[in-house]
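# Chains, contacts and geometry: an overview
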Amino acid sequence: MTRSQEHNRVPGQQASQDDDPFPLDDLVLDEPYRFRVDGRVYTDAHLFALEMDRIWRRSWLYVGHESEIREPGDYRTAVLAREPIILSRGEDGGIHAVFNRCMHRGAALCRDDRGHANHFRCPYHNWVYRNDGTLVGMAQKSGYGSHFDTSELDLVPVPRLEAYRGLIFANLDPAAPALQERLGPSAWYIDQWADRSPTGQMSVAEGVHRYSYPGNWKFQLENGVDGYHGNYVHDSFVKILHRAGDRSRQDVVRARNRLGSNASAKGLPRGDGLLEREDGMLGTFDYASRDEYRRSLVEAHGSARLQDILTQRNLLIFPSVYLFESHIRVIRPISPTSTIVDTIPTRIEGIDDAINTERLREHERFFGPSSFGATDDIEIFVLNQTGVQAEVPRWLDFSRGLERERVADNGERIGHSTDEAPQRAIYREWRRMMLSGEGPS
Amino acid sequence: MISDGASGAALSTERAEAVLFEEAARLDARAFDAWLELFTDDAIYWLPMGVEDPAREPSLIFDDRARMEERVFRLMDTAAHAQLPPSRTQHDITNVRVVETTADWARVACHLVVHEVRIGDPSQVGLGDVRSFPGRCEYVLRHGAEGQWLIAEKTVRLLARELPQYNLTFIV
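Residues numbered from 1 in each chain as written. Chains lettered and ligands numbered in written order. Predicted model: local features only at pLDDT ≥ 70, side-chain atom pairs only at ≥ 80, totals over all residues. Heavy atoms only, no water.

What follows concerns the overall build of chain B. Helix and strand counts for chain B come out as three helices and six strands. Shown N-terminal to C-terminal, the secondary structure of chain B runs as helices and strands in the order α-α-β-β-α-β-β-β-β. For a compact globule of 172 residues, the expected C-alpha radius of gyration is about 16 Å, and chain B comes in at 17 Å, within 12% of that figure. Across its three principal axes, chain B shows a C-alpha extent of roughly 55 × 30 × 30 Å. Within chain B, counting contacts between residues at least 6 apart in sequence, those at least 24 apart form 60% of the total. Of the roughly 7,600 Å² of accessible surface on chain B, a fraction of 52% belongs to carbon and sulfur atoms. Across chain B, the centroid of the 18 positively charged side chains sits 4 Å from that of the 28 negatively charged ones. (Helix = DSSP H or I, 4+ residues; strand = E, 2+ residues; numbered from the N terminus. Rg over C-alpha atoms; globule rule 2.2 N^0.38 Å. Contact = heavy atoms within 4.5 Å. Areas by Shrake-Rupley, 256 points an atom, 1.4 Å probe, with all protein chains shown as cover. Lys, Arg positive; Asp, Glu negative; His and termini not counted. Charge placed at Lys NZ, Arg CZ, Asp CG, Glu CD.)

Written out as C-alpha cells, the structure is:
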C-alpha cells in the first residue's frame, strides 16, 4: 500500500493513537534554524478527526459576544467543535449555554441563529424548557407514569463557559484550566483591544460577514498573523491606495518592511500570536488619529496607555478566534478541505456613531466577501490547498526569523513583522495537543 | 403612478429593459469603464444583508461612486489574485417591472441570476465550478442631461445573502 492509500480515511472516523497511520511527532519538525510542517496536516481526514478530538474538543473556543444577548430571553446559536449549542441570557441575567438538543429524542430546539424566547419548545413532542435549560413541561405527561424521573432531563449545559472582556468562550473539556489561566499573556492584549472604547466596552454589529473556502482551517490561522505576504498578496490594494494619492501611507508600508521598524510578529505560549503595528493599518481605519477620540481615551484610561491601546493588532487566540481592528473573526473547520469563517464587525461603545459607521465601510472595503483585501487572501488559501495535494514534496517551511527572534521573560517570541514566529507558535501548540492523548470522553 | 410609457416621457418597460440589458452586456463583456458610464455621479451600488441598515450592519457591498470606481480600477488595472483567472459571467435578467415613474425618475424591479465561472486550470481547487447567484434587484433611474436614463441606485438582494460567500469578486 502506498503512503497516500494508507492515510486516506473516511472523514469523521473515530481516531485513536493506536491506529495512527504515521507518527504524529514527525509532522512538525522544530530544529535549530529550521522549522517545517508536513503538508498532510492540511489534507488528511484522519488527522482532521484527531484535531477535532484533541484540539477543538479541549480548547476554549469563542462562541459569542455578550452584546449579542443583552436582554433576558435573547439567544443565539453557535457551533462548539461541531456540536450545536444555544447561548442565552436567562431571567436571572446570567449567560447560559446548553446543547441544542431535546432530551427526549434529540431534535434541535432552535432553528434561527438568533432571537428572543423565554422558553424553547421542541417541535417534535412539545417538551418545553426555560431558556436556561430547565425542563418545565412535557406533552401528555401522565403517559410517563408516576415513577419516571425527570430530574436529569434538563437541557445539558456546555461543560465550561466563561467570559473575558465581553468575549464568551466555552470548552467541552470539564478538566480544562480556567479561561484566564489559559489566556495568560494574551489577556493583556485583549485588554488593549477592548479599551479602544473609552467605556472599555466593545459590542458587535448586527450583521455577520460569512465566508467559506475550499481549504484547510489552518491556512486562515497562519495568514492572519502573517506579516510577510502583505505587499505581494495585497498588491492590488496597495495600488488602490496609490491611486488615492496617499503618499504618506505608501511610506508606512515601506518602512514596515525595514528592520527595526515599530512593527513585530509575536508567537505566544499556547499557540496564540499576533502581528502588531504601532502605525496602524494600510491606509485605513484612520479614526485612531482623531484628536477627539484620542482625548476620550486619555480621559478614560490615562495618557500612559494611549500608545498600547492604539497599536493595531491582529491577535489570534488559538485555535478558533482572531481579534482584528474592525472585527472578531471566528474560524469553523468543516472538513480537512472546507472552512467557514465569520467576520463579525465590532462597534466601539461610547464614541461618535459616525466613526463606527466609517469602520463598517472600511471593513467592507478590505475584509468583506466582495472586498479588495481578504478575497485575495482566500484565493491564496485555495492555492495552498491545491499545492499541498502534491505529497512528494513533503514540507512547508516556517523558518523565517528563527535566528533573529527574541524570547521574552513571559515566553513570548518576538520577531520582525515579516517573521514566522506566530506560525511556529501555532504548530508548537498543535503538536503538543495532538501528542497529548485522547480528548475528553 | 405607473406609466405605460405612452406619454413618451415616463419610463416604459421596454426602455427599462433596454437600460438593464445594456448594463448586463457591459458587465459580461468586462467593459467596466463603460459600465460606470451608465451611473449617475452620486450613484449607490448596494448588496445589503439582513437588516438593511448600513449604519448598523455590514453590507456585502455598499459602494458610493468613488468606491465603485475603486472596484473597477481593481478589476481593470491591478492583478488581484482573486480575479486571476478572471470571472466569466452571464447576467440573466427577467421579470422587469417599472414600479413607479415620473418624467425624470423611475423605480424598476427585476430578477437577476448571475452565473459565474473561473476557468484557468479547471483541475485545481476553486476553479472550474459554475456558480449561480440569484437575487432581486431594485433600480432607481434618473433622466440624464441628454435624455438618457442613468442608474442612480442599484440594490441587489441576493437570495443567499446571509449564507457563507466564497469570494464575490465580480460585479453582480
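If you walk through the whole model with that rule in mind, you get 48 salt bridges over all chains. Where lysine 266 of chain A meets glutamate 412 of chain A, a salt bridge forms, and the shortest distance between an N and an O atom there is 3.8 Å. Taken together, the residues lysine 266 of chain A in strand 15 (residues 263-267) and glutamate 412 of chain A in the loop between strand 22 (406-407) and strand 23 (413-416) connect sequence positions 146 residues apart. We classify lysine 266 of chain A as buried; its relative accessible area is 9%. We note a salt bridge from arginine 107 of chain B to glutamate 100 of chain B, for which the minimum N-O separation is 3.1 Å. Salt bridges here are not isolated pairs; linked through shared partners, they connect Glu52, Glu100, Arg107, Glu138 and Arg157 of chain B. (Salt bridge = Lys/Arg side-chain N within 4 Å of Asp/Glu carboxyl O. Buried < 20%, exposed > 50% of the residue type's maximum accessible area, 1.4 Å probe, protein only.)

Counting residues at the interface gives 38 residues for chain A and 36 residues for chain B. It is Arg243, Ser370 and Phe372 of chain A that lose the most area in chain A upon contact with chain B, and together they represent 18% of the buried surface on that side. In this structure, the connection of chain A to chain B is made through four salt bridges. Between glutamate 206 of chain A and arginine 56 of chain B there is a salt bridge; the shortest N-O distance is 2.6 Å. (Buried area = accessible area lost by both parts, 1.4 Å probe.)

With that out of the way, let us pick up the sheet that holds strand 4 (residues 74-80) of chain A. Residue and element names in this part refer to chain A. Within the open sheet, the four strands sit side by side as 6-5-4-7. Their pairing is antiparallel. Two strands lie at the open edges of the sheet, namely strand 6 (95-99) and strand 7 (114-116), each paired on one side alone. Ignoring which end each strand starts from, the neighbouring axes of this sheet average 25 degrees apart. Strand direction decides the pairing type here: strand 5 (residues 83-89) and strand 6, joined by five bridges, are antiparallel. Paired with serine 88 across the two strands is histidine 96, which belongs to strand 6. (Pairing = 2+ DSSP bridges. Axes fitted to C-alpha atoms, helices over the stretch in contact; angles between N-to-C directions.)

Residues and elements named next belong to chain A. Considering all chains together, one arrives at 19 aromatic pairs over all chains under this definition. Ring centres 4.8 Å apart and planes at 80 degrees place the aromatic pair phenylalanine 237 and phenylalanine 366 in the edge-to-face group. You can see phenylalanine 237 sitting in helix 7 (residues 235-243) and its partner phenylalanine 366 sitting in helix 11 (residues 353-366), a full 129 residues away along the chain. As far as burial versus exposure is concerned, phenylalanine 237 and phenylalanine 366 are alike and both buried. Pairwise contacts between aromatic rings join Phe237, Tyr322, Phe324, Phe366 and Phe367 into one cluster. Stacked on the ring of phenylalanine 324, the Lys or Arg arginine 329 has its end atom at 4.1 Å from the ring centre. (Phe/Tyr/Trp six-rings, centres within 6.5 Å; stacked < 30°, edge-to-face > 60°. Lys NZ or Arg CZ within 6 Å of the ring centre and 35° of its normal.)

This brings us to the pairing of strand 5 (residues 131-143) of chain B. Residues and elements named next belong to chain B. With twelve bridges connecting them, strand 4 (residues 105-117) and strand 5 associate as antiparallel partners. Looking across to strand 5, one finds that cysteine 110 is bridged to cysteine 137. Where strand 5 meets strand 6 (residues 149-158), nine bridges bridge the pair, whose relative direction is antiparallel. Residue pairing in the sheet places glycine 135 in a bridge with leucine 158 of strand 6. Between the antiparallel neighbours strand 5 and strand 6 lie five residues, among them glycine 147 with a positive phi of about 85 degrees.

So, about the packing of helix 7 of chain A against helix 3 (residues 65-77) of chain B. One way to put it is that helix 7 of chain A packs onto helix 3 of chain B with a least axis distance of 10 Å and a crossing angle of 125 degrees. Considering their axes alone, helix 7 of chain A and helix 3 of chain B lie oblique with respect to each other. The interaxial crossing formed by helix 7 of chain A with helix 3 of chain B has right-handed handedness. Together, Ser236, Lys239, Ile240 and Arg243 of chain A of helix 7 of chain A and Glu69, Glu70, Phe73, Arg74 and Asp77 of chain B of helix 3 of chain B make up the contact between the two elements. Split by residue class, the contact of helix 7 of chain A with helix 3 of chain B holds two nonpolar, one polar and six charged. (Parallel < 35°, antiparallel > 145°, perpendicular 65-115°, else oblique. Left-handed = near helix turned anticlockwise from the far one by under 90°. Nonpolar A, V, L, I, M, F, W, Y, C, P; charged D, E, K, R; others polar.)

So, about the environment of leucine 268 of chain A. All names here are of chain A. Mapped onto the fold, leucine 268 is located in the loop between strand 15 and strand 16 (273-277). A relative accessible area of 4% means that leucine 268 is categorised as buried. The contacts of leucine 268, once residues within four sequence positions are left out, are Ser186, Tyr189, Gly273, Leu274, Glu412 and Ala425.

Our focus in this paragraph is the pairing of strand 4 of chain B. Residues and elements named next belong to chain B. Where strand 3 (residues 88-101) meets strand 4, eleven bridges bridge the pair, whose relative direction is antiparallel. By the bridge assignment, arginine 97 is partnered in strand 4 with alanine 109. Between the antiparallel neighbours strand 3 and strand 4 lie three residues.

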